[in-house]
Amino acid sequence: MSSSALLAFALFATTLQPYEAVEPHMGTLFRIKLYAASEQQAQQAFRAAFARIAQLDDELSDYKPDSELNRLARSAVKRPQPASEDLVRVVGAAEQLSEKTDGAFDITIGPLTHLWRAAVKVHQLPSAEAIAAARAKCGFRKLHVNLQAHTICFDESGMQLDAGAIAKGDAADQALFVLKQLGIQSALVAASGDLAFSDAPPGEAGWKIGVDSLDRADAPFTRVLLLANGAVSTSGPSEQHLDINGVRYSHIIDPRTGMGLTRDLTVTVIAAHGLAADPLATALSVLGPERGLALIDSIPGAAALVVQDENGRHTLSKSKRFPTVEQ
Ligand code: ADP
Ligand code: MG
């Protein structure tokens with residue numbers, strides 16, 4: 001590079017400015033932070049990224065009766081039907097995680113999540129009969145994704161997919177991809193507990209990501225990690241729980257029992273992509289620290305932290321690769 005070209009490059013690099021925008025999608029707020037050369041470039045990038053997230057919501061939502069996800073559950077019973085690249089990517093990743101977790105993570109959990117959502121509304125536990133009936137309609141082994149042929153097939157009618165524990169992480173990845181195509185190298189997309197980010201902000205070592213920690217006290221405090229080109233997802237107590245007779249049932253369901261989880265865990269997972277981190281955080285909530293962290297240790301590039309709250313007594317467990325250095 002000639003010295004004048006170097007100077008021009010240096011000027012360009014230093015003129016990147018931070019921009020931020022927020023929009024509601026997928027039942028939550030998506031926040032995008034990015035570094036762009038101009039207001040115009042930033043606004044164009046925001047529009048494209050949010051449009052991509054909206055498209056994914058139209059495809060993957062289980063709240064929208066005519067989403068591709070819901071249409072396929074009706075039309076692809078006992079006969080494979082063509083599915084979009086987005087659906088095949090997300091449902092295919094979910095199916096693989098079901099295999100790895102023995103079904104602790106299960107995207108076919110729709111009949112049970114719908115039952116529990118109705119239970120939260122009327123503030124009453126679902127009956128044992130209703131849970132048994134819903135469980136009979138769940139099970140990832142009755143779902144078939146063909147990654148080569150781009151088809152999806154269900155063994156039975158009445159099955160329902162719920163991408164609630166994986167779609168936000170994937171949408172964050174896809175938004176970053178769109179931003180990169182528009183020349184934005186440094187961005188962070190956050191959908192409540194699901195974050196994905198590309199290169200570090202100009203001149204910095206990483207994006208500052210706060211995670212629960214217990215290292216210095218017996219109550220969690222926030223430790224800041226500096227990370228780039230990856231994803232962080234947190235699953236934990238949400239507003240959607242059901243409190244009955246002093247027991248709190250989580251919106252995360254154990255597919256083996258059909259019941260909302262009653263153990264108070266907050267799980268943070270670091271992985272290369274949101275498509276991995278988001279469902280892993282949910283899977284670890286179901287598996288618990290011991291089995292969950294063993295799974296994380298077996299996945300290259302993944303790390304996790306689990307904080308368990310037992311009546312105010314907190315215990316923390318970490319996977320082998322969880323960053324320990326205070327940044
Ligand atoms: P949040 O959506 O609150 O960030 P999660 O990523 O953990 O939290 O996703 C929870 C959602 O995933 C639930 O609301 C439900 O729609 C769905 N879900 C619940 N239990 C399971 C499970 N065992 N496997 C896959 N998805 C689940
Ligand atoms: Mg999740």
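Placed above this text is the structure.
By convention here, each chain's residues receive numbers from 1 onward along its written sequence. As a convention, the first chain written is A and the first ligand written is 1, with the rest following in written order. Where local features are concerned, this predicted model is filtered to residues with pLDDT of at least 70; where side-chain atom pairs are given and counted, the filter is 80 or more; whole-chain, interface and lining totals use all residues. Where side-chain values are given, they derive from all heavy atoms of the structure, hydrogens and water being excluded.

Only DSSP runs of H or I reaching four residues or more are called helices, and only runs of E reaching two or more are called strands; each is numbered from the N terminus. What the chain contains, in helices and strands, is eight helices and 17 strands. Here the globule rule is a power law, 2.2 Å times the number of residues to the power 0.38, and the radius of gyration is based on C-alpha atoms. Its C-alpha atoms give the chain a radius of gyration of 21 Å, near enough to 20 Å, the size a compact globule of 327 residues would have. For the chain, the spread of C-alpha atoms along the three principal axes comes to 75 × 50 × 35 Å. The contacts of the chain with a sequence gap of at least 6 include a subset with a gap of at least 24, amounting to 59%. The accessible surface values rely on the Shrake-Rupley method and a 1.4 Å probe; as for residues, cover is taken only from the protein chains in view. Accessible surface, the chain as shown: approximately 15600 Å² in total, 54% of it carbon and sulfur. A contact between two residues is defined here by any heavy atoms of the two lying within 4.5 Å.

Our next topic: the environment of serine 157. Tracing the backbone through its elements, the reader meets serine 157 in the loop between β5 (151-154) and α7 (167-181). Under the relative-accessibility criterion, serine 157 is labelled partly exposed at 46%. For the pair formed by serine 157 and lysine 78, sequence separation is 79 residues and the distance between their alpha carbons is 8.3 Å. Residues contacting serine 157, with those up to four places away along its chain left out, are Val77 and Lys137. Partly exposed describes any residue whose relative accessible area lies between the buried limit of under 20% and the exposed limit of over 50%, with all areas from a 1.4 Å probe on protein chains only and scaled to the type maximum.

Right, let's get into the site of ligand 1. Any residue with a heavy atom positioned within 4 Å of a molecule or strand is treated as near that molecule or strand. Surveying the vicinity of ligand 1 reveals 17 residues, the closest of which are Asp162, Ser235, His251, Ile253 and Thr282. In the analysis that follows, any N or O atom pair within 3.5 Å is treated as a polar contact, provided that within protein one partner can donate a hydrogen and the other can accept it, and provided that, for residues neighboring in sequence, both atoms belong to side chains. Between ligand 1 and serine 235 there is a distance of 2.7 Å, counted from an oxygen atom to a side-chain nitrogen or oxygen. One of the side-chain nitrogen or oxygen atoms of histidine 251 is found 2.8 Å away from an oxygen atom of ligand 1. Contact with the protein chains covers 91% of the free accessible surface of ligand 1, which is 570 Å². No other element matches helix α8 (residues 274-297), which puts three residues into the shell around ligand 1. Just so you know the grouping, Ala, Val, Leu, Ile, Met, Phe, Trp, Tyr, Cys and Pro go in nonpolar, Asp, Glu, Lys and Arg go in charged, and all remaining residues, Gly too, go in polar. Grouping the amino acids of the shell around ligand 1 by side-chain chemistry returns eight nonpolar, five polar and four charged.

Turning next to helix α2 (residues 39-60). Because the α-helix completes a turn every 3.6 residues, residues three or four places apart line up on one side. One less than the residue count of a helix, multiplied by 1.5 Å, gives the span that helix is expected to have. Taking 1.5 Å as the rise per residue, α2 with 22 residues should run 32 Å; its terminal C-alpha atoms sit 31 Å apart, in good agreement. Buried within α2 we find Gln41, Ala42, Ala45, Phe46, Ala49, Phe50, Arg52, Ile53, Leu56, Asp57, Glu59 and Leu60. Close packing links the buried residues of α2 with β1 (17-25), β2 (28-36), α3 (68-75), α4 (85-100) and α7.

This part takes up the sheet that holds β2. The pairing of strands in a sheet comes from backbone hydrogen bonds and takes either a parallel or an antiparallel form. When DSSP finds at least two bridges between two strands, those strands are taken to pair. Overall, antiparallel pairing links the eight strands, which are arranged β1-β2-β6-β7-β10-β15-β16-β17 in an open sheet. What marks the edges here is a single partner per strand, and that holds for β1 and β17 (313-318). Each strand axis lies, on average, 10° off the axis of its neighbour in the sheet, ignoring direction. Alignment of β1 against β2, held across nine bridges, turns out to be antiparallel. Bridge pairing in β2 links tyrosine 19 to leucine 34. Here an axis means a line fitted to C-alpha atoms, over the contact stretch when the element is a helix, while the angle between two N-to-C directions is reported on a 0 to 180 degree scale. Packed on one face of the sheet, α7 meets β2, β6 (187-191) and β7 (194-197) and runs near 155° to β6.

In what follows, salt bridge is the name for a side-chain nitrogen of Lys or Arg lying within 4 Å of a carboxyl oxygen of Asp or Glu. Applying the stated criterion across every chain, the model contains 18 salt bridges. Put simply, arginine 117 and aspartate 162 hold a salt bridge, and the shortest N to O gap is 3.5 Å. With arginine 117 in helix α5 (residues 110-122) and aspartate 162 in the loop between β5 and α7, the pair connects residues that are 45 residues apart, well separated along the chain. Arginine 117 sits in the partly exposed class, given a relative accessible area of 22%. Residue classification places aspartate 162 among the buried positions, given a relative accessible area of 11%. Between lysine 208 and glutamate 204 there is a salt bridge, with its nearest N and O atoms 3.6 Å apart. Assessed through its relative accessible area of 60%, lysine 208 is described here as exposed.

Okay, the packing of α4 against α8 next. As a packed pair, α4 and α8 sit with axes 10 Å apart at the nearest point and diverge in direction by 5°. Our classification of the angle between α4 and α8 gives roughly parallel. Contact residues: α4 offers Arg89, Val90, Ala93, Leu97 and Lys100, while α8 offers Leu275, Pro279, Leu280, Ala283 and Leu295. Of the residues in the contact of α4 with α8, the class split is eight nonpolar, no polar and two charged. Relative orientations are named as follows: roughly parallel for angles under 35 degrees, roughly antiparallel for angles over 145 degrees, roughly perpendicular for angles from 65 to 115 degrees, and oblique for any other angle.

With that out of the way, let us pick up unusual backbone geometry. Of all residues except glycine, most have a negative phi; of all peptide bonds, most are trans. If you check the backbone angles, lysine 78 has positive phi at about 65° while not being a glycine. Overall, the relative accessible area of 66% leaves lysine 78 in the exposed class. Residues other than glycine seldom take positive phi values, yet asparagine 229 does so here, at roughly 50°. Its place among the elements puts asparagine 229 in the loop between β9 (221-227) and β10 (230-235). Overall, the relative accessible area of 44% leaves asparagine 229 in the partly exposed class.

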